[in-house]
Amino acid sequence: AQTVTQSQPEMSVQEAETVTLSCTYDTSESDYYLFWYKQPPSRQMILVIRQEAYKQQNATENRFSVNFQKAAKSFSLKISDSQLGDAAMYFCAYRSYLGSRLTFGEGTQLTVNP
Amino acid sequence: EAGVAQSPRYKIIEKRQSVAFWCNPISGHATLYWYQQILGQGPKLLIQFQNNGVVDDSQLPKDRFSAERLKGVDSTLKIQPAKLEDSAVYLCASSLEGGPNGELFFGEGSRLTVL
């Protein structure tokens, strides 16, 4: 079974600075998808960014980018120019290429200080 | 476009009572998911429907949890009888397709407190 581990329960960053959230996963599959979701206090999960394992190029969405290291099974999220609205719980998630179930990590609570 | 709707947002019950949560997915979305999110943990899939058929219910505690999706649209998740450890947020999500390419859209969740 796949597992996802987020070793940072809490992180904080100053507004306009850059922060990196860590995620590692365990799988025996070669094809899969990785995601970062944001969950604000309203509780609605929002997709931030997605990476296909067969793509070597790291995904980027505006101020959000990932560092995908397939051999190391590492998938970190970098948030540049942090904004107050980025404050939320961030979840790393894994999805098999053959299925649709998302396996989530425990989450990292990000605080953005003005 | 309307998002995934869930109700109620909050529910407090005593152990051994029953509770039901309702979800209305985004129009046209064939796949519907129920996730359980215990405080301090990531969401865990309880059940996945494709139209009105069950695709995956391997993590659903079937002795107390049940779910249905009549007519392939709305869905209801029921817990009977509730235990203290069922206190959690129950998230409903839907996607246009059920495969790995289908992006999930989540509702705001229903928070259950069992006393």
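The following paragraphs examine the structure supplied in this document.

Attention now moves to the nonpolar core. Of all hydrophobic cores here, the largest spans 25 residues; its most connected members are Tyr25(A), Trp36(A), Phe75(A), Leu77(A) and Tyr90(A). Going through the elements one at a time, β3 (19-21), β5 (32-39), β6 (46-52), β8 (64-69), β9 (74-79), β10 (88-96) and β12 (108-113) of chain A are the ones with two or more residues in this core. Broken down by element, this core gets its largest block of residues, four residues, from β10(A). Those residues in contact with Tyr25(A) that sit more than four places away from it in its chain are Thr3(A), Val4(A), Tyr32(A), Leu34(A), Phe68(A), Gln69(A), Lys70(A), Lys73(A), Ser74(A), Phe75(A) and Tyr94(A). Trp34(B), Leu60(B), Phe65(B) and Leu112(B) belong to the second-largest nonpolar core, a separate cluster that totals 21 residues.

Taken residue by residue, the interface counts 29 residues in chain B and 20 residues in chain A. Summed over both partners, the interface of chain B with chain A buries about 1900 Å², with 44% contributed by carbon and sulfur atoms. In this structure, the connection of chain B to chain A is made through one salt bridge. Note that Arg101(A) and Asp56(B) form a salt bridge whose closest N and O atoms lie 2.7 Å from each other. There are six residue pairs in polar contact (both at pLDDT 80 or more) connecting chain B and chain A. Put simply, the parts of the chain that give the side of chain B that touches chain A at least two residues each are β4 (31-37), β5 (44-50), β9 (88-95) and β11 (110-114) of chain B. Considering every element that reaches the side of chain B that touches chain A, the biggest residue donor is β4(B), with three residues. Here the residues of the side of chain B that touches chain A are counted per class, giving ten nonpolar, 14 polar and five charged.

Turning next to the pairing of β4(B). Residues and elements named next belong to chain B. Counting buried positions along β4 yields seven of seven residues, so the element is predominantly enclosed. Burial of β4 is two-sided: the residues Thr31, Tyr33, Tyr35 and Gln37 facing one way and the residues Leu32, Trp34 and Gln36 facing the other way are all buried. Note that β4 and β5 share six bridges and pair antiparallel. Following the sheet pairing, leucine 32 is matched in β5 by phenylalanine 49. Counted along the chain from β4 to the antiparallel partner β5, the turn is six residues long, and its residue glycine 40 has a positive phi close to 85 degrees. As judged from the seven bridges shared by β4 and β9, these two strands associate in the antiparallel manner. Counted as the bridge partner of glutamine 37 is valine 89 from β9.

Basis of the calculations
Residues numbered from 1 in each chain as written. Chains lettered and ligands numbered in written order. Predicted model: local features only at pLDDT ≥ 70, side-chain atom pairs only at ≥ 80, totals over all residues. Heavy atoms only, no water. Core = buried A, V, L, I, M, F, W, Y, C linked by side-chain atoms within 4.5 Å. Buried < 20%, exposed > 50% of the residue type's maximum accessible area, 1.4 Å probe, protein only. Helix = DSSP H or I, 4+ residues; strand = E, 2+ residues; numbered from the N terminus. Contact = heavy atoms within 4.5 Å. Buried area = accessible area lost by both parts, 1.4 Å probe. Salt bridge = Lys/Arg side-chain N within 4 Å of Asp/Glu carboxyl O. Polar contact = N/O pair within 3.5 Å; in protein donor to acceptor, adjacent residues only side chain to side chain. Nonpolar A, V, L, I, M, F, W, Y, C, P; charged D, E, K, R; others polar. Pairing = 2+ DSSP bridges.

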